[in-house]
Amino acid sequence: MIYNFIPKITLTTGLAISLILALSSNTPTVAQETYIDNNCKRNQQLNEFDRVTIFYKSEFQTKGETYWFYSGRYQDGSAIVCISKPGFKQAKPLEIEKIQSGYIDKIDKDPRNKTTFLVTVREGNGSYVPINQYRLNLSTPSEPALTKIKSWRSGG
């Protein structure tokens, strides 16, 4: 009788442990989102329609100075591209219309240059819209240089 009882306890304990592990490993963790205004300044107090949520941020150095390059997304999906000193000091939007007016799909650091970023921009929010990939060189942050690398259309 005891022989049959032990496997039942083991099975029940095993299921309980599996359930606990499954619940604890699938519990989402929510990080504090960082919000900026339309002038790239951090502001956690903005209402949801005025705030821009940062989705990309990278620190880089040029000419002995440290900068942050970051981008935020408005509620409609459009983006703003910004540069500042660390801590959002001297924050400002980059004066580059081709990337400020689009929908940014992706930003990556250029592996060949620490002050250059690859920015993929859709020209609209829908199907079959032009998509452009640019190389953004911030080696001179006051004079950012943008070069188109390639273009294609989004799928349906």
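Residues numbered from 1 in each chain as written. Predicted model: local features only at pLDDT ≥ 70, side-chain atom pairs only at ≥ 80, totals over all residues. Heavy atoms only, no water.

### Focus on the overall build of the protein
Put simply, the rule reads: Strands are runs of DSSP state E lasting at least 2 residues, helices are runs of H or I lasting at least 4, and numbering of each runs from the N terminus. Remark: exposure states derive from per-residue accessible area (1.4 Å probe, protein chains only) relative to the maximum for the residue type, with buried under 20%, exposed over 50%, and partly exposed in between. Contact criterion: two residues are considered in contact whenever any of their non-hydrogen atoms come within 4.5 Å of each other.
Across its full length, the protein holds 2 helices and 9 strands. In sequence order, the protein lays out its α and β elements as α-β-β-β-β-β-α-β-β-β-β. For the protein, with 156 residues in total, the buried portion stands at 35%. At a minimum sequence separation of 6, the contacts of the protein that also span at least 24 residues come to 32%.

### Focus on the nonpolar core
Nonpolar side chains in soluble globular proteins tend to end up buried together. How we decide: Nonpolar core, defined: a set of buried Ala, Val, Leu, Ile, Met, Phe, Trp, Tyr and Cys residues in which side-chain atoms within 4.5 Å join the residues together.
Counting residues in each nonpolar core, the largest one holds 18 residues, and the members touching the most others are F69, I99, L136 and L138. Where this core is concerned, the elements lending two or more residues are β2 (52-62), β3 (65-73), β4 (79-85), β6 (103-109), β7 (116-122) and β8 (130-137). Once residues within four sequence positions are removed from consideration, F69 is found in contact with Y56, K57, S58, F60, V81, C82, L94, I107, F117, L136 and L138. Among the nonpolar cores identified, the runner-up in size contains 10 residues, and C40, I54, W68 and C82 belong to it.

### Considering the pairing of β8
Short version of the rule: Note: two strands are recorded as paired if DSSP finds a minimum of 2 bridges between them.
Alignment of β7 against β8, held across 7 bridges, turns out to be antiparallel. Opposite V119, over in β8, you have Y134 as the bridge partner. Of the pairings in the sheet, the one linking β8 to strand β9 (residues 145-153) comprises 8 bridges and is antiparallel in character. Looking at β9, one finds that N132 is bridged to S151.

### Some thoughts on the sheet that holds β3
In spatial order, the strands read β1-β2-β3-β4-β5; together these 5 strands make up an open sheet with antiparallel pairing. In the strand order of this sheet, the two ends are held by β1 (35-36) and β5 (89-93), each with one partner. Pairing of β2 with β3, which is carried by 9 bridges, proceeds in the antiparallel orientation. Of the residues in β3, the one forming a bridge with E59 is W68.

### Focus: the pattern of salt bridges
Once the charged atoms of two side chains with opposite charge are near each other, the side chains can pair. Condition: Each salt bridge in this description consists of a side-chain nitrogen of Lys or Arg and a carboxyl oxygen of Asp or Glu lying within 4 Å of one another.
Considering all chains together, one arrives at 5 salt bridges under this definition. Between D110 and R112 there is a salt bridge, and its shortest N-O distance comes to 3.6 Å. With a closest N to O distance of 3.0 Å, R135 and D110 form a salt bridge. With R135 in strand β8 and D110 in the loop between β6 and β7, the pair connects residues that are 25 residues apart, well separated along the chain.

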